[in-house]
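In case you want the letters, here they are:
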Amino acid sequence: PGDGSGSAPGEGTGPPAPERVLFPPTFSVSEIKNKQRRHFMFLRWKQQQRKEKLALKKKRRKEREALGDKAPPKAIPKTIENQRVYDETTVDPNDEEVAFDEATDEFAPYFNRLTVPKILITTSDRPRGRTVRFCEQLATVIPNSHVYYRRGLALKRIIPQCIARDFTDLIVINEDRKIPNGLVLSHLPDGPTAHFRMSSVRLRKEIKRKGKEPTEHVPEVILNNFTTRLGHSIGRMFAALFPHDPQFIGRQVATFHNQRDYIFFRFHRYIFKSEKKVGIQELGPRFTLKLRSLQKGTFDSKFGEYEWIHKRREMDTNRRKFHL
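Residues numbered from 1 in each chain as written. Predicted model: local features only at pLDDT ≥ 70, side-chain atom pairs only at ≥ 80, totals over all residues. Heavy atoms only, no water.

1. Comments concerning helix α6 (residues 229–239)
Basically, it comes down to this: Exposed residues in this analysis have more than 50% of their type's maximum accessible area, buried residues have under 20%, and partly exposed residues fall in between, with area computed by a 1.4 Å probe over protein chains only. In DSSP terms, a helix is any run of H or I states spanning at least four residues, a strand is any run of E spanning at least two, and both are numbered starting from the N terminus.
The buried fraction of α6 is high, at eight of eleven residues. Along α6, the positions that sit buried rather than exposed are Leu230, Gly231, Ile234, Gly235, Arg236, Met237, Phe238 and Ala239.

Next up, the structure:
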């Protein structure tokens, strides 16, 4: 006769009970009607997903350590970047046609060291404080640049004055609702002109762990992933903003990094911690650009001839197709 507790013989000696699964395989958060409960269950489901992912990662690491040298090579994760659709305009470094085109294009005098960059930075009409501060900080990044605030003056009247005063490039910062949202870059005197959408603008005071103010040294310029003919043209436009022969003693570097046709700009300073360790310190400002159009010649919104225009409905049908 038992003691009335209802316990089975041999309890506690068998294998441990399997861990209760928090959510069944067919669980769907959308089936929960209560909004607060649905949000709470979603957070618990995400937490369980993270735990399972971490446990699987630890298990695989232990297996690799146990196999030692016999462990198979790590698989390369699939990303949109490395699954990119091949572009027929991708530039071969040894292509003679590309070399000839670049030797005779509008930027050839700059790369042949016949011209020294002189930049005019201006704004849309009656800019707000944030756009004004952004232009002032951008002028400290680009050497030999001058800020001019427009007062109802049309760009078609500004460009001849810039050419007469030996400016090589014109940068126009547009704004919407007091926030910088566009950048027009025109190479003088013969173009081309690029129109970018600007986003994620951060001024120096908004950057965490920022360094001291930048010095007047000429920075290095890094251009990443501009691989197509269009990308080469855009990369050469950015390069032509900065003088040759960077002053390495200043330890400053301006980076234009293209990833999925988004151009990320960062301005850093090298920090040499030891002979082997080097850190970087962001100086700011930072922003992101998305190319909208590339126009031949200087700015002409009505009669300009466009080399390339971003047509979202036609060009963005494949997520793995990029143009820069």
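2. A few points about the environment of Tyr86
Following the sequence through the fold, Tyr86 ends up in the loop between α1 (35–67) and α2 (96–104). Looking at Tyr86, the relative accessible area reads 63%, which means it is exposed. Residues Tyr86 and Lys321, spaced 235 residues apart in sequence, show a C-alpha to C-alpha distance of 7.8 Å.

3. Thoughts on helix α5 (residues 155–164)
Operational definition: Note that the arc is computed from the directions linking the helix axis to the C-beta atoms.
The set of residues buried in α5 consists of Leu155, Ile158, Ile159 and Cys162. Across the axial projection of α5, the buried residues extend over an arc of 100°, all falling on one side. Those residues of α5 that are exposed and aimed more than 90 degrees away from the buried face are Arg157 and Ala164. Phi turns positive, to about 65°, at Asp166, one or two residues after α5.

4. Description of the pairing of strand β5 (residues 193–202)
Successive side chains on a regular strand alternate, one facing one side of the sheet and the next facing the other. Operational definition: We call two strands paired when DSSP finds no fewer than two bridges between them.
As defined by bridge partners, strand β4 (residues 179–187) adjoins β5 across five bridges and the pair is classed as antiparallel. Bridge pairing links Gly182 to Arg197 in β5. Judged from the eight bridges that link them, β5 and strand β10 (residues 286–295) form a sheet pairing that is antiparallel. Paired with Phe196 across the two strands is Leu291, which belongs to β10.

5. Here we look at the confidence of the model for the protein chain
The criterion, for reference: Note on scores: pLDDT gives the predictor's confidence for each residue, bounded by 0 and 100. Residue contacts follow a heavy-atom distance rule, with two residues in contact if any of their heavy atoms lie within 4.5 Å.
Averaged over every residue, the pLDDT of the protein chain is 86; residues scoring 70 or more account for 92%. This stretch, residues 1–10, has a pLDDT under 50; its non-local contacts, to residues over four places away or in other chains, come to zero contacts.

6. What about the side chain of Arg236?
Under the convention used in this document: We define a polar contact as two N or O atoms separated by no more than 3.5 Å, with the added condition that, inside protein, one atom must be a possible hydrogen donor and the other a possible acceptor, whereas residues neighbouring each other in sequence contribute only through side-chain atom pairs.
Position of Arg236 relative to the elements: it lies in helix α6. For Arg236, a relative accessible area of 11% translates into the label buried. Here Asp105 takes part through its side chain, which lies 3.0 Å from a polar atom of the side chain of Arg236. If near-sequence neighbours (up to four positions away) are discounted, Arg236 is found in contact with Glu102, Asp105, Phe107, Ala108 and Phe111.

7. Topic: the UniProt feature "domain: Brix" (unreviewed entry) in the protein chain
Rule in force here: UniProt positions are given in the numbering used here, feature names are shortened, and annotations may be inferred rather than shown by experiment.
As annotated in UniProt, the feature "domain: Brix" (unreviewed entry) corresponds to residues 117–300 in the numbering used here. The straight-line gap between the two end C-alpha atoms of residues 117–300 is 22 Å; of that span, 18% is helix and 41% is strand.

8. A closer look at the packing of aromatic side chains
Counted only if it meets this: Classification of ring pairs rests on two measures: the distance between centres of Phe, Tyr or Trp rings, Trp counted by its six-membered ring, which must be within 6.5 Å, and the angle between planes, read as stacked under 30 degrees, edge-to-face over 60 and tilted in between.
Inspection of every chain in the model, using the stated rule, returns ten aromatic pairs. Arranged with centres 6.4 Å apart and planes meeting at 65°, the rings of Phe242 and Phe256 form a pair that is edge-to-face. Taken together, the residues span a long stretch of sequence, with Phe242 in the loop between α6 and β7 (252–259) and Phe256 in strand β7 at a distance of 14 residues. Phe242 sits in the buried class, given a relative accessible area of 1%.

9. What to know about the state of the cysteines
Should the sulfur atoms of two cysteines be covalently bonded, the bond is a disulfide. Put simply, the rule is: By convention in this document, the label disulfide applies to cysteine sulfur atom pairs within 2.5 Å.
According to the stated counting rule, one finds zero disulfides in the structure shown. Of the cysteine sulfurs around Cys135, a residue in no disulfide, the closest is that of Cys162, at 14 Å. Given a relative accessible area of 2%, Cys162 falls into the buried group.

10. Description of the pattern of salt bridges
Selection criterion: Here, a salt bridge means any Lys or Arg side-chain nitrogen found within 4 Å of an Asp or Glu carboxyl oxygen.
Within the structure shown, the criterion is met by ten salt bridges. A salt bridge links Arg236 to Glu102; its shortest N-O distance comes to 3.6 Å. Here Arg236, found in helix α6, pairs with Glu102, found in helix α2; they are 134 residues apart in sequence, far enough to count as distant. With relative accessibility at 22%, the residue Glu102 sits in the partly exposed group. Several salt bridges share partner residues, and in doing so they unite Glu102, Asp105 and Arg236 into one network.

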